[in-house]
Each structure stands twice: as structure tokens, then as C-alpha cells.
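# Structural features, examined
These are the residues of each chain, in order.
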Amino acid sequence: MHLEGSCHCGAVSFTLDSAHPYPYQRCYCSICRKTQGGGGFAINLGGDAASLKVHGRKHITIYHAKMKDEGDARAHSSTAERHFCSLCGSGLWLFSPEWPELIHPFASAIDTPLPVPPEHTHLMLGSKASWVEVQANAKDQQFEVYPEESIAQWHERLGLTR
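Calculation rules
Residues numbered from 1 in each chain as written. Predicted model: local features only at pLDDT ≥ 70, side-chain atom pairs only at ≥ 80, totals over all residues. Heavy atoms only, no water. Salt bridge = Lys/Arg side-chain N within 4 Å of Asp/Glu carboxyl O. Helix = DSSP H or I, 4+ residues; strand = E, 2+ residues; numbered from the N terminus. Phe/Tyr/Trp six-rings, centres within 6.5 Å; stacked < 30°, edge-to-face > 60°. Buried < 20%, exposed > 50% of the residue type's maximum accessible area, 1.4 Å probe, protein only. Pairing = 2+ DSSP bridges. Contact = heavy atoms within 4.5 Å.

### What about the pattern of salt bridges?
Across all of its chains, the model carries two salt bridges by this definition. Here Arg-157 makes a salt bridge to Glu-119, at a shortest N to O gap of 2.9 Å. With Arg-157 in helix α2 (residues 151-157) and Glu-119 in the loop between β12 (102-105) and β13 (121-123), this pair connects stretches of sequence that are 38 residues apart.

Shown next, in the form of C-alpha cells:
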């Protein structure tokens, strides 16, 4: 599926192709919640990094989240790059050098109508904010940390690949 996205102020727009466009995975970790999730979670899609085209790149800033594992004396910077519009602050996509073939656009930045997922995966529930109520349906999966099933595997399992 060809996706078009943009920031709120319109300074940045982008396109990319996605074989995995269902916005099903809700991440409740503190990084996603604080940088992207006004409702207490964020939703990333899967996209083909080679297909990414960006207009207004000069208005993009990159944030490397500060992470501190239990028992660590100091925080370290994540290798993952969260791309934001430097003018309006809209979150656009995440890129991780560990998976250079992938781009994970934030569903909230996508302007193309997305398909409605038949079920959701709720992950990183161990770090969700106390005020967040998880709206899980009977078919939904819930995880304290990360599921073993990738975005691509979820789409394949449900026969939703294109």
C-alpha cells in the first residue's frame, strides 16, 4: 500500500510503501507515550525504507531516546531515530539501524486512509501510565514487554499481506 504522511504544519511530507499498513500495535512504553501517545500509547506501522521520499527534510529533527536499564548507573542513548518536524513537533517515523530495510511511520502522521485492524496487540504494558485504561477486545493480545510476533508476522498470520 502506498502511504502519504505529513506533519501538522505541512512543512514536512513523505511517502513510502507498506506491505504492513494495519495500525494494530499499541505501544505503552514511556518513550512512545511521552513522544507520541496522547492517549497513553503510540502506533507504528511497517514500511519499506528504500521507498521513503521526503519533502521538507530540512525541517526534520531526530531524537535518540534516553534509556536506562534496571541496575544501570547511567542512561544511554537509543540507536533508534525518532524523526519529528522541528517546527510543529509532529512525530513522523522511527528508523532503527538494526533493521535498515524498515521505516516505522507513526500511524498518527499518515494521511492515507488506513485499514481497520481486526484485532490489536497491546505491548509494553509493564510500563504504561497508571491513568491509562487498556481498551482490549476479546481477540486482542497483551504483553508486559514485547511480543515475539513481528509486524510482518502479525499481518501474515491474519492473511493481511499485500
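After presenting the structure, the write-up continues.
### Some remarks on the packing of aromatic side chains
In this description, an aromatic ring pair is defined by two values, namely the gap between the centres and the angle between the planes. Evaluation of the coordinates by the stated rule reveals four aromatic pairs. When the centroid spacing of 3.7 Å and the interplanar angle of 5 degrees are considered together, the rings of Tyr-24 and Trp-154 count as stacked. You can see Tyr-24 sitting in the loop between β2 (13-17) and β3 (25-27) and its partner Trp-154 sitting in helix α2, a full 130 residues away along the chain. Judged by relative accessible area, which is 1%, Tyr-24 ranks as buried. A centroid spacing of 5.4 Å and a plane angle of 50 degrees characterise the contact between Tyr-28 and Phe-41, whose relative ring orientation is tilted. Here the residue Tyr-28 occupies a position in the loop between β3 and α1 (30-35), and Phe-41 occupies one in the loop between α1 and β4 (42-43), the gap between them amounting to 13 residues. Tyr-28 gets classed as buried once you look at its relative accessible area, which sits at 1%.

### Regarding unusual backbone geometry
In this structure, Met-124 is a non-glycine residue whose phi angle is positive, near 60 degrees. Relative to the elements of secondary structure, Met-124 occurs in the loop between β13 and β14 (141-142). Assessed through its relative accessible area of 13%, Met-124 is described here as buried.

### Re the sheet that holds β13
With mixed pairing, the four strands of this open sheet are ordered in space as β4-β3-β13-β14. Each edge of the open sheet is held by one strand with a lone partner, namely β4 and β14. Here β13 runs beside β14; their pairing, made up of two bridges, is parallel. Across the sheet, residue Thr-121 finds its bridge partner in β14, namely Gln-141.

### What about the sheet that holds strand β7 (residues 60-63)?
Strand pairing in a sheet takes place through backbone hydrogen bonds and is either antiparallel or parallel in direction. Strand order in the open sheet formed by five strands is β5-β12-β11-β10-β7, with antiparallel pairing between adjacent strands. Single-partner strands in this sheet number two, and they are β5 (47-48) and β7. Where β5 lies against β12, two bridges are found, and the strand directions are antiparallel. What sits directly across from Gly-47, in β12, is Ile-103.

### Quick notes on the side chain of His-155
In this structure, His-155 sits in helix α2. In contact with His-155, other than residues within four places in its own chain, are Ala-19, His-20, Pro-21, Tyr-22, Tyr-24, Leu-160 and Thr-161.

### Comments concerning the environment of Met-1
Tracing the backbone shows Met-1 in the segment before β1 (2-6). Residue classification places Met-1 among the partly exposed residues on the basis of a relative accessible area of 27%.

### Focus on the pairing of strand β11 (residues 91-95)
Of all five residues making up β11, five are buried, and the element is well covered by its neighbours. Pairing of strand β10 (residues 81-85) with β11 involves four bridges; the strand directions are antiparallel. Residue pairing for β11: Phe-84 is matched across the bridge by Gly-91. Following β10, the chain reverses through five residues before pairing antiparallel with β11; Gly-89 in that reversal takes a positive phi of roughly 85 degrees. Both β11 and β12 contribute to a ladder of two bridges, which runs antiparallel. Pairing of Trp-93 across the sheet is with Pro-105, part of β12. Counted along the chain from β11 to the antiparallel partner β12, the turn is six residues long.

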